Amino acid sequence: MAVDAVRVELGERAYEVRIGQGLIARAGAEIAPLLRRPKVAILTDETVAGLHLAPFQAALREAGIASSALALPAGEATKGWEQFSRAVEWLLEEKVERRDVVVALGGGVIGDLAGFAAAVLRRGVRFVQVPTTLLAQVDSSVGGKTGINTAQGKNLVGAFHQPSLVLADIDVLETLPARDFLAGYGEVVKYGLLGDADFYDWLEEAGPRLASDPEARQRAVRRSVEMKAEIVARDETEEGDRALLNLGHTFCHALEKATGYSDRLLHGEGVAIGCVLAFELSQRLGLCAQEAPSRLRAHLRSMGTKVDLRDIPGDLPDAEGLLALMGQDKKVVDGRLRFILARGIGSAFVADDVPPDAVRAVLTEALALR
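These remarks concern the structure in this document. (Residues numbered from 1 in each chain as written. Predicted model: local features only at pLDDT ≥ 70, side-chain atom pairs only at ≥ 80, totals over all residues. Heavy atoms only, no water.)

1. A word on the overall build of the protein chain
Next, step 1: Scanning the protein chain for helices and strands turns up 13 helices and 11 strands.
Next, step 2: In terms of overall dimensions, the protein chain is globule-like: its C-alpha atoms have a radius of gyration of 20 Å, near the 21 Å expected for 370 residues.
Next, step 3: Taken along its principal axes, the extent of the C-alpha atoms in the protein chain is 60 × 40 × 40 Å.
Next, step 4: Here the protein chain, with 370 residues, has 58% of them falling under the buried criterion. (Helix = DSSP H or I, 4+ residues; strand = E, 2+ residues; numbered from the N terminus. Rg over C-alpha atoms; globule rule 2.2 N^0.38 Å. Buried < 20%, exposed > 50% of the residue type's maximum accessible area, 1.4 Å probe, protein only.)

Below, the structure is given as structure tokens:
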């Protein structure tokens, strides 16, 4: 299959997202045109390093590019002040200059942390995203959102800092554990739900074979990236349309906080559950037909991913507790929670006037089924 190139149109800061097979094996040739000197610094995690760092560095050497690498601990807990500080100090020790390039080799945690480190290092150095998870390939590696989590909530400290290139090698997705692949699918299905009913229809048919069919996998990643690129080009800093990409995320971020950013709930699993809750809320408010949330729930069940609050192990706060956690979300505007609601599959919109009682009722009902 040919490599697909999706351009994120941001004027002088425009860049390509390249999607296809074997991109890590030719990463040196892809990255070389960006370099002022043949040297890069790589931030990765220990799990990804064991799988992909050696072939990635070998590809760089083939193109005459020297590299150094720091492997941080794997997991969401890494995306905080401690490992962020460690990464920045290491980049300084490596004498990374303002004209150099930092490479983020890993999933969403590494991409967000490395991108933020690049944003603040010497007031901004360029970086390249090499996403190794489905979630990162279709979502977090594209669009320039970088940041870390704090005790107060998720992604509350960060910067908009666009990459110079994204290399999405769909072959590396075959090394993902099944649960991680399915978690990433939560972000894929989100794109169909928010603005492309035809894509959602195709996913209902093709979704179960994405893990084993490279052609279907590449199509799913390409369409997801196309949709995100279009939205980011219109609204880079989330003043309007870009908020649509947060479908399911207000619920998701509260659930992630409630579960301590642990492996009780992966981000993509939280997005899937959050999308179901957003459609339940939309249906309760009379915005969409009753069959819409039922159809979504049935599809996610057929994929084998988490769907409802009862799929999250361990205790959860009550409805009031979850509402309080939502109050810390960065999507709060003038003290009001902003939700992405839907008039149907493929038709989402931003709403900041949602009655708290309706949200409370949806959460209460979902919790009662646990």
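Here the narrative resumes.
2. Focus on the pairing of strand β4 (residues 66-72)
Next, step 1: Relative to β4, strand β3 (residues 39-45) is paired through 7 bridges, and the arrangement is parallel. Paired with T44 across the two strands is A71, which belongs to β4.
Next, step 2: Of the crossover connections in this fold, the one passing from β3 over helix α2 (residues 46-62) to the parallel β4 is right-handed. (Pairing = 2+ DSSP bridges. Right-handed = clockwise from strand over helix to strand, strands pointing away.)

3. Regarding the sheet that holds strand β9 (residues 165-169)
Next, step 1: Strand order in the open sheet formed by 7 strands is β1-β2-β9-β6-β5-β3-β4, and the pairing between neighbours is mixed. The open sheet has two free edges, formed respectively by β1 (4-8) and β4, since each of these has just one partner strand. The average angle at which neighbouring strand axes cross in this sheet is 20°, direction not considered.
Next, step 2: Pairing between strand β6 (residues 126-131) and β9: 2 bridges, direction parallel. By the bridge assignment for β9, Q129 is matched with V166.
Next, step 3: Contacts between helix α4 (residues 108-120) and the sheet are confined to β3, β4, β5 (101-106) and β6, with β5 contributing the most and set at about 170° to the helix.
Next, step 4: Sitting on the sheet, helix α8 (residues 214-234) is in contact with β1 and β2 (15-20), with an inclination near 15° to β1. (Axes fitted to C-alpha atoms, helices over the stretch in contact; angles between N-to-C directions. Contact = heavy atoms within 4.5 Å.)

4. Some words on the packing of aromatic side chains
Next, step 1: Counted by the stated rule, this structure contains 4 aromatic pairs.
Next, step 2: Feature note: the residues W81, F84 and F116 constitute an aromatic cluster, connected by ring pairs.
Next, step 3: Above the ring of Y191, the side-chain terminus of K190 is found at 4.8 Å from the ring centroid.
Next, step 4: Lying over the aromatic face of F349, R343 brings its terminal NZ or CZ to 3.9 Å of the ring centre. (Phe/Tyr/Trp six-rings, centres within 6.5 Å; stacked < 30°, edge-to-face > 60°. Lys NZ or Arg CZ within 6 Å of the ring centre and 35° of its normal.)

5. With respect to helix α7 (residues 197-206)
Next, step 1: Inspection of α7 places F199, Y200, W202, L203 and A206 among the buried residues, and these make up the whole buried set. Buried positions in α7, seen along its axis, are confined to an arc of 160° and lie on one side of it. (Arc of directions from axis to C-beta.)

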